[in-house]
Amino acid sequence: MVTLVLGGLTAVPPLSMDMYLAALPQVGDALSAPAATVQLTLTACLAGMALGQLVVGPMSDKWGRRRPLLVGLLIYIAATAICAFAPTVELLIAFRLLQGLAGAAGIVIARAVVRDLYDGVAMARFFSTLMLISGVAPIVAPVIGGQVLRITDWRGIFVVLTAIGVLLTFMVWRRLPETLPPERRHSGGVGQALRTMRGLLADRAFTGYLLAGGFAFATLFSYVSASPFVVQEIYGASPQMFSILFGVNSIGLITVGQINGRLLIGRVSLDKALGAGLAVTTLAAVSLLLMTGGVFGEVGLFPVATGLFVLMSSMGLAMPNTNALALMRTPHAAGSASALLGTSQFLIGAIASPLVGVAGEHTAVPMAVVQLSCALVAVGCFVGLCRPWQAPRTEGAEH
C-alpha cells in the first residue's frame, strides 16, 4: 500500500500536466489567448513544482514527512478547484502556479520516503517500480482528458483533478506512515537548510547527476509542452489520436523503466545504464531535428511520432538512475537532496517549455532544437562532472 501511495504522489505532475494537454488549443480559444500565453499555464505549474520543492524538502527533514505532505495536498485541492472557474488566462496562470507549489509536496516527499526506506541497488529498483506505477498516469491522463473534453470543456478537467487530489489526500492520511524518526530530523531553520543544500551542491558528482537529470527532464518536457500543437495543429491529428500517441509513448517509457529495474540493475552499473539512456536521447533528438528541418523532405506524422517514442522511452533509463545515483550520496539529508533534484528538473523544464513555441504553431523545428540542446548539455554534465569512468560510488559521499 505504501508503494501505491508513493506512486500516486509521483503521479501528481503527469496528472496535472497531461490531462490538460489536449485542451490547450481549446483554452486559447475560450480565453482569447495566443498559444505562447496558453503554454505559460504549463510553465507556471512546472515552475511552482520546482520552487515548492525547495521549501517542502527541508521542511520534511525538520518536521517529518507526513505533516508537510498533508498541508501541501490540501492547498493543491483548493488551487485546482479555483482553476476550474478561472475567467481569464492571467488568473489561470496564477493559480496553476499555486497548484504547482502545493503539488511539489507529493513529488519531493515521495523521493525522500524512498531514501528513508532503501539504499543502493534496492533504491534504484524501487525507483523503477515507482516509474511503473506513476507511469500509468501519463497513459491514462491524456485519455481521460480527451474523454472529458467529449462531454464538457477544459474546466471539467480541473474538476476531475480536484477529485483525484481529494482521494490521494485520504490515502496519505490513512495509509502512509511517518518514515523519518525524530532522532534523524534536523533542528535548524532556514540557515541550516541553506547550508545543507550548499554542502550538497559542493559535491561535484551529486551536482553532475542533478544537472544531467534536469536537462534530460527538459528534453522530455519540451515534448510534453510542444506535442499538442505539433501533433494536432501541424500534423492534423484529433485530440483522441493525440491521446493515443501520448499513451503509446508513455508505455515505451514504462517498459524501458522496467527493463532497467528488473534486468539491468545488478548486472550493469547504474552509470552505464544512465549513459546509454542519454546516448539514445541524443540520437533521437538528432533524428527529430533532421526530420522537422526538412532534410528528408516532407515527412508525415508517423516518422516524427517514432522519433518522439524513442526519445520518451529513453527516459526510462535516464530518470530513475540519475535520482538513485544522486540520492546514494545523500543519506544524511534526503529531503533537501530530493528538493534540489526536483527543483532542477522542473525549473530547467519550465525554462525550456516556452522556447518550443517561439516560431509559432506551424513548425516543429524549435521543439527539436530545444530537445537536442538539452540532451547535449545533459551528456556534457554527466561526462564532465560525474566522470563515470572513475571507481564506482556505491556508498554515500563523505561530508
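Residues numbered from 1 in each chain as written. Predicted model: local features only at pLDDT ≥ 70, side-chain atom pairs only at ≥ 80, totals over all residues. Heavy atoms only, no water.

Undergrad: In this structure, what is going on with the nonpolar core? I would like to understand it.
TA: The biggest cluster of nonpolar side chains holds 122 residues, and the ones touching the most others in it are Leu6, Leu9 and Leu92. No other element matches the 16 residues that helix α10 (residues 204–234) contributes to this core. Not counting the four nearest positions on each side in its chain, Leu6 is found in contact with Ala110, Val113, Val114, Phe126, Leu130 and Leu176. (Core = buried A, V, L, I, M, F, W, Y, C linked by side-chain atoms within 4.5 Å. Buried < 20%, exposed > 50% of the residue type's maximum accessible area, 1.4 Å probe, protein only. Helix = DSSP H or I, 4+ residues; strand = E, 2+ residues; numbered from the N terminus. Contact = heavy atoms within 4.5 Å.)

Undergrad: Can you help me understand α10 in this one?
TA: Note: α-helices contain 3.6 residues per turn, so residues at a spacing of three or four share the same orientation. With 31 residues, α10 should cover 45 Å at 1.5 Å per step; its first-to-last C-alpha distance of 42 Å lies within 8% of that length. Ala226 marks where α10 bends most, by close to 55°; the proline Pro228 follows one to four residues later. Buried residues dominate α10, accounting for 26 of its 31 residues. (Expected span 1.5 Å × (residues − 1). Bend = angle between axes of the 7 residues up to and from the residue.)

Undergrad: What's the story with the environment of Tyr20 in this structure? I'm lost.
TA: Residue position: Tyr20 is located in helix α2 (residues 12–21). By relative accessible area, Tyr20 is classed as buried at 0%. The spacing of Tyr20 and Met328 is 308 residues in sequence and 35 Å in space, taken between C-alpha atoms. Beyond its immediate sequence surroundings of up to four residues, Tyr20 is in contact with Val27, Thr41, Leu42, Leu92, Arg96, Ile157 and Phe158. A distance of 2.9 Å separates polar atoms of two side chains, one belonging to Tyr20 and the other to Thr41. (Polar contact = N/O pair within 3.5 Å; in protein donor to acceptor, adjacent residues only side chain to side chain.)

Undergrad: Can you walk me through the pattern of salt bridges in this structure?
TA: Between side chains of opposite charge, pairing is possible as soon as their charged atoms come close. Enumeration over the complete set of coordinates arrives at four salt bridges. In this structure, Asp61 engages Arg65 in a salt bridge whose closest nitrogen and oxygen atoms are separated by 3.1 Å. Here Asp61 matches Arg65 in class, with each residue buried. Close ionic contact of Asp116 with Arg65 constitutes a salt bridge, the shortest N to O distance being 2.8 Å. Taken as a pair, Asp116 in helix α6 (residues 89–117) and Arg65 in the loop between α4 (35–63) and α5 (66–83) lie far apart in primary sequence, 51 residues in all. Take Arg65: its relative accessible area is 1%, and that puts it in the buried class. (Salt bridge = Lys/Arg side-chain N within 4 Å of Asp/Glu carboxyl O.)

Undergrad: Whenever I open this one, the packing of aromatic side chains confuses me. Can you help?
TA: Each aromatic ring pair is characterised by the separation of its centres together with the angle its planes make. Per the counting criterion, the structure on display carries seven aromatic pairs. Members of the aromatic cluster, connected to one another through ring pairs, are Tyr20, Trp154 and Phe158. The ring of Tyr20 has Arg96 sitting right over it, with the charged end atom 4.5 Å from the ring centre. (Phe/Tyr/Trp six-rings, centres within 6.5 Å; stacked < 30°, edge-to-face > 60°. Lys NZ or Arg CZ within 6 Å of the ring centre and 35° of its normal.)

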